[in-house]
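# Survey of secondary and tertiary structure
Each chain, letter by letter, is given below.
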Amino acid sequence: MIDSVPSRFLHSMDFAVRAPGKADMRSWWLLAPCAVLFLPGCSPSSKDAAEDFTSGHIVAVCSPDAWPGIESCRRAFEALYPEAHIDLREGTSREAVAALFGARADLAVISRELVPEERRAAVQGRLEVDGYRFARDAAVLVVNPANPVTNLTREDARAIYGGTLRNWSVLGGRNEPIESLVPPAGSDLMEFFSEEVMQGEAIGSGSRTVSNDSEAVRAVMNRPGGIAVATLGATALGGKALRMAPVRGLAYYSPDLEMVHDGRYPVTRFYNLYARSRGPALANGFITFVTSMDGQKLIRSSGLVPASVPVRFVRSSPMLGTHSQGDSTSTP
């Protein structure tokens, strides 16, 4: 059981914000002309300056996909530090980055990496930005539990949502129409799915929009032929999450914690915290908390996979090679 409010206060050593590992350096390299890492040696040493990390007021714009975990962290942080106030506002990742770059927000919480045009804008505007990965998530395909199909390739998913694959019998299922459900246009999840799975192809006109994971799961539970795009957290709501392979002939991976954490599930993404290097110290204090052990426990309890602390799994999920083999999951 994870306590709703962690008992450990931030120690002065916590303000040496962890630099990203090798995998995290990609976005730093692209921002190299303008990015300055927040290093331990740059931390204020006076008592008044140190208190800025746990007091004051900041505005954070947060992607809806990251909201539950970040809201839990905000409540815990403010309970620990009553003089800190984080005004958390919802917005897409594009809106969050635009608000950060335009100095309308002090922190952007996004469910992807910075896209090339955002990196170019930072460089051209001589904006120094620090980024920290704090979670991993996946675009999961959820079907009715009675559907005998358990595995898809990315090409299968693209054909389903492009409208060229319309019956489950082609995939070893029953002879019934496929009813595809998608997140709202413009949402972070829809943009990610369009880029990683559709690869520029348009979503077919027969797809129906569902507003969130709960609606997606309810829809497939009521439709034997339904299939919906959802986040990893939807796997706890019901339905059956399909395994996926990047291409036919390679192993199929379950969208469970271990496969997403290791990046073996083909459609995974990082969640990131971005702040201006010369922004309020409180933003860095909150980032430190989110990426700490206590913060990562809250991120995990929200349905995301922690990205900045070690994660232990009891066993790995088996890798399956056909469309119809039985189900198995891993235990964190």
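Let me begin by describing the structure that accompanies this report. Here the structure is a predicted model, which means the values were calculated and not measured. (Residues numbered from 1 in each chain as written. Predicted model: local features only at pLDDT ≥ 70, side-chain atom pairs only at ≥ 80, totals over all residues. Heavy atoms only, no water.)

Looking now at helix H7 (residues 188–198). Regarding H7, the residues found buried are Asp188, Leu189, Met190, Phe192, Phe193, Val197 and Met198. Summarising the contacts, the buried residues of H7 are in contact with helix H4 (93–101), strand E4 (129–143), helix H6 (154–162), strand E6 (179–182), strand E8 (226–231) and strand E11 (268–276). (Buried < 20%, exposed > 50% of the residue type's maximum accessible area, 1.4 Å probe, protein only. Helix = DSSP H or I, 4+ residues; strand = E, 2+ residues; numbered from the N terminus. Contact = heavy atoms within 4.5 Å.)

Let's shift gears to the environment of Val197. Summarising the element assignment, Val197 is placed in helix H7. Remark: the alpha-carbon pair of Val197 and Val267, spanning 70 residues in sequence, is separated by 7.6 Å.

The subject of this paragraph is the nonpolar core. Judged by nonpolar contacts, the single largest core of 44 residues is most densely connected at Leu141, Leu152, Ile160, Tyr161, Phe193 and Ile227. For this core, the secondary-structure elements that each account for two or more residues are E4, H6, E6, H7, helix H8 (213–222), E8 and helix H9 (257–261). Counting residues in hydrophobic clusters, the runner-up holds 30 residues, among them Ile58, Ala60, Tyr132 and Ala275. (Core = buried A, V, L, I, M, F, W, Y, C linked by side-chain atoms within 4.5 Å.)

Here we take up the side chain of Asn144. Relative to the assigned elements, Asn144 resides in the loop between E4 and strand E5 (151–153). Overall, Asn144 belongs to the buried group, its relative accessible area being 9%. From its side chain, Asn144 meets the backbone oxygen of Met221 in a polar contact 3.3 Å long. Apart from the residues lying within four places of it in its own chain, the contact partners of Asn144 are Val220, Met221, Arg223, Pro224, Gly226 and Lys240. (Polar contact = N/O pair within 3.5 Å; in protein donor to acceptor, adjacent residues only side chain to side chain.)

Spatial relationships are all this shows, so hold off on functional conclusions.
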